[in-house]
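# Breakdown of the fold
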Amino acid sequence: MDGRFQLIVVDNLVIRFGRVEAVSGVSFAVARGTAWGIVGESGSGKSTVLRALAGLNENWSGRMLLDGEELPRRRTRAFFRRVQMVFQDPYGSLHPRQTIDRALAEPLVAQGIGGADAAIPRALDEVALPQAVRFRYPHQLSGGQRQRVAIARALITSPEVLLLDEPTSALDVSVQAEVLNLLSDLQRERNLTYIMVSHNLAVVAHLCPMIAVMQGGRVVETLSAEALRAGRTTHPHTAELRALSTELEEP
Amino acid sequence: MKVEIANLSIAFPSPRGPSLAVRGVSLTVGSEKLGIVGESGSGKSLTARSLLKLLPPEARVRADRLAFDGIDILQATERQMRSIRGKRAGLIMQDPKFSLNPVMTAGEQIAESWRLHRKTSKREAREAALDLLAQVQIRDPARVADAYPHELSGGMGQRVMIAMMMAPDPELLIADEPTSALDATVQAEILRLMEDLVSRRGMSLILISHDLPLVSHFCDRVVVMYAGRVVEELNAAGLARAEHPYTRGLLACLPTLSHPQARLTTLTRDPAWMDGSN
């Protein structure tokens, strides 16, 4: 695969847990400033791919490239400056005994970036959180506010890529809409590149123009959001997932 | 009516005085499938659990009427409640991983639930457990009966839960987000299974969920809750004709495959929804 024009390339990625092959030769490429979606059911390997990209699992074979450069097994500090991840459960990903101020300062400290006093209020602003949130603890915030903090923390070092693992599935639908709108706005303003994993086809199709469908550790189909909406699917699993999703949309 | 609730309020003590989580809810359930829909904190689970007296001890419950099959739940003793819970009214919760006993096999748990309410031998109970597993469409009942919960998938675990709840042949089933932890393909199967069991046995079902489209496809009637109150009651087929701005807002902010929106509609919460003055 030609990696020169793609910001992220995953080439024949294989991931094993003991004797189980969780990901069996997954390949895709994502251009800068675009959003790539990965959908599938639990156990399809979608989150495993994302976690390997984020450097959370060193046990893989194949190739992963960022901006044309092959990624080492152990990621460098420079990598985390360019690539950040947002997890599903904002409660589990924020330290319960640390204030929001501390949570937002942490990535700056880790990257050796100064100016936290200016950066933190700006980061809160960008995700539309009131400044009063800064010295509160995670349990004092709502689920939607916590996910905004997680997004602010991922963006505070000005990365180019956000890896989003089911970023809205723990949220109420009204809050989901707000967070998805926020992600669209931020992408446009900062020319961010997203890779989003979700089981929800409508959510992925809303944010990502291109979508890979995974089943049993393989990408069984890659199609545009437009083709998915129109029902131009080629693999039966995609058609099945689509039918289950659209069935509920008809009143 | 199997269930009658009139003017139910549930309050919790807080440093600033009692905080009302459920405020004046009234509803009835007959031999039908009733859905209760709302966001987290709307009071939907508390309302249903008050029927089984399964609320945290600090909860203060008041109602003009809270009755199951004519029995006044507010006055019922623990002993009376034990003859209702499980036996006459079953509860299915979201995640079978946390509801099943991890050190008992699936078959033992179903058999226990069977024997608890009937005087039968162990062998008969085992036979009944296998039969129930077959009824929840498990292809190899004998294998699943001998499996421990961690050896079962989420969908399989939820089938075991349903089999367990069906064992005493209850009249009412309360299902609290029974499929939220499951994949879409499995969710559809579990709902079909519940629908089939409920209609075959003429039971009442209360399905609690945050998913309005799902509930309206599955239930006969839907009650929409917001901030502890019922804001709208709908015939499931009439979802498209929902009138309350909250219900309409919930539907509008969902991304869909069939109607792409460049920007999602967000919900503007009207303070008037809190006190019902709209």
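This section reports on the structure supplied with the text. This structure is a prediction, so every number in the text was calculated from the model and none was measured.

## Side note on the packing of aromatic side chains
One pass over the full model with this rule turns up 5 aromatic pairs over all chains. Here F79 of chain A and F80 of chain A contribute two aromatic rings whose centre-to-centre distance is 5.2 Å and whose plane-to-plane angle is 80 degrees, an arrangement assigned as edge-to-face. Residue class for F79 of chain A comes out buried when judged on its relative accessible area of 6%. Overall, the relative accessible area of 32% leaves F80 of chain A in the partly exposed class. Considering the side-chain rings of Y226 of chain B and W273 of chain B, the 5.4 Å spacing of their centres and the 85 degrees angle between planes classify their relative orientation as edge-to-face. Note that Y226 of chain B is positioned in strand 10 (residues 221–226) and W273 of chain B in helix 11 (residues 272–275), a separation of 47 residues in sequence. On the accessibility criterion, Y226 of chain B (8% relative accessible area) is buried.

## Things to note about the pattern of salt bridges
Under the defined criterion, the tally for this structure stands at 31 salt bridges over all chains. With a closest N to O distance of 2.7 Å, R221 of chain B and E32 of chain B form a salt bridge. On the criterion of sequence distance, the pair formed by R221 of chain B in strand 10 and E32 of chain B in the loop between strand 2 (19–29) and strand 3 (33–37) is long-range, its members being 189 residues apart. The pair R221 of chain B / E32 of chain B is uniform in exposure class, with both members buried. Members of the salt-bridge network, linked through shared partners, are R32, D67, R82 and E160 of chain A.

## Notes on the sheet that holds strand 2 (residues 20–30) of chain A
Within a sheet, adjacent strands bond to each other through the backbone by hydrogen bonds, running parallel or antiparallel. All names here are of chain A. Strands sit in the order 2-1-4-5 across an open sheet of 4 strands; the sheet is antiparallel. Two strands in the sheet have a free side with no partner beyond their single neighbour: strand 2 and strand 5 (69–70). Bridge count for strand 1 (residues 8–17) against strand 2 is 8 bridges, and the pairing is antiparallel. Bridge pairing links V9 to A29 in strand 2.

## Side note on the pairing of strand 9 (residues 210–215) of chain A
Residues and elements named next belong to chain A. By the bridge criterion, 4 bridges tie strand 3 (residues 35–39) to strand 9 in an arrangement that is parallel. Each bridged residue has a counterpart across the sheet, and for G37 the counterpart in strand 9 is I211. Pairing geometry for strand 9 and strand 10 (residues 218–224), over 6 bridges, is antiparallel. Looking at the pairing, M210 lines up with S224 of strand 10. Hairpin geometry of strand 9 and strand 10 is characterised by an intervening segment of 2 residues between the two adjacent antiparallel strands and by a positive phi of about 55 degrees at G216.

## Section: the interface of chain B and chain A
Of the residues lining the interface, 27 residues belong to chain B; the matching set on chain A comes to 28 residues. Buried surface at the junction of chain B and chain A, both sides included, amounts to about 2,500 Å², of which 59% is carbon and sulfur. Applying the counting criterion to the chain B and chain A interface returns 1 salt bridge. When the shortest N-O distance is used, the salt bridge between R263 of chain B and D185 of chain A registers 2.8 Å. If you look at where chain B meets chain A, you find 14 residue pairs in polar contact (both at pLDDT 80 or more). Contributing elements (two or more residues each) for the side of chain B that touches chain A: helix 8 (184–201) and helix 9 (212–218) of chain B. With 4 residues, helix 8 of chain B is the single largest residue contributor to the side of chain B that touches chain A.

## Comments concerning the packing of helix 7 (residues 154–166) of chain B against helix 8 of chain B
Residue and element names in this part refer to chain B. One way to put it is that helix 7 packs onto helix 8 with a least axis distance of 10 Å and a crossing angle of 15 degrees. Put simply, helix 7 runs roughly parallel to helix 8. When you trace helix 7 past helix 8, the crossing you get is right-handed. For the pair helix 7 and helix 8, contact is made by G155, Q158, R159, I162 and M166 and by V186, E189, I190, L193, M194, L197 and R201, respectively. Of the residues assigned to the contact of helix 7 with helix 8, the class counts are 7 nonpolar, 2 polar and 3 charged.

## Topic: the state of the cysteines
Between two cysteines, a covalent bond joining their sulfur atoms is known as a disulfide. Scanning the model with the defined rule gives 0 disulfides over all chains in all. The closest cysteine sulfur to the non-disulfide-bonded C219 of chain B is located on C253 of chain B, 20 Å from its own sulfur. When its relative accessible area of 6% is taken as the criterion, C219 of chain B is described as buried. Left without a disulfide partner, C253 of chain B is nearest to the cysteine sulfur of C208 of chain A, which lies 19 Å away.

Each value, and the rule that gives it
- Residues numbered from 1 in each chain as written.
- Chains lettered and ligands numbered in written order.
- Predicted model: local features only at pLDDT ≥ 70, side-chain atom pairs only at ≥ 80, totals over all residues.
- Heavy atoms only, no water.
- Phe/Tyr/Trp six-rings, centres within 6.5 Å; stacked < 30°, edge-to-face > 60°.
- Buried < 20%, exposed > 50% of the residue type's maximum accessible area, 1.4 Å probe, protein only.
- Helix = DSSP H or I, 4+ residues; strand = E, 2+ residues; numbered from the N terminus.
- Salt bridge = Lys/Arg side-chain N within 4 Å of Asp/Glu carboxyl O.
- Pairing = 2+ DSSP bridges.
- Contact = heavy atoms within 4.5 Å.
- Buried area = accessible area lost by both parts, 1.4 Å probe.
- Polar contact = N/O pair within 3.5 Å; in protein donor to acceptor, adjacent residues only side chain to side chain.
- Axes fitted to C-alpha atoms, helices over the stretch in contact; angles between N-to-C directions.
- Parallel < 35°, antiparallel > 145°, perpendicular 65-115°, else oblique.
- Left-handed = near helix turned anticlockwise from the far one by under 90°.
- Nonpolar A, V, L, I, M, F, W, Y, C, P; charged D, E, K, R; others polar.
- Disulfide = S-S within 2.5 Å.

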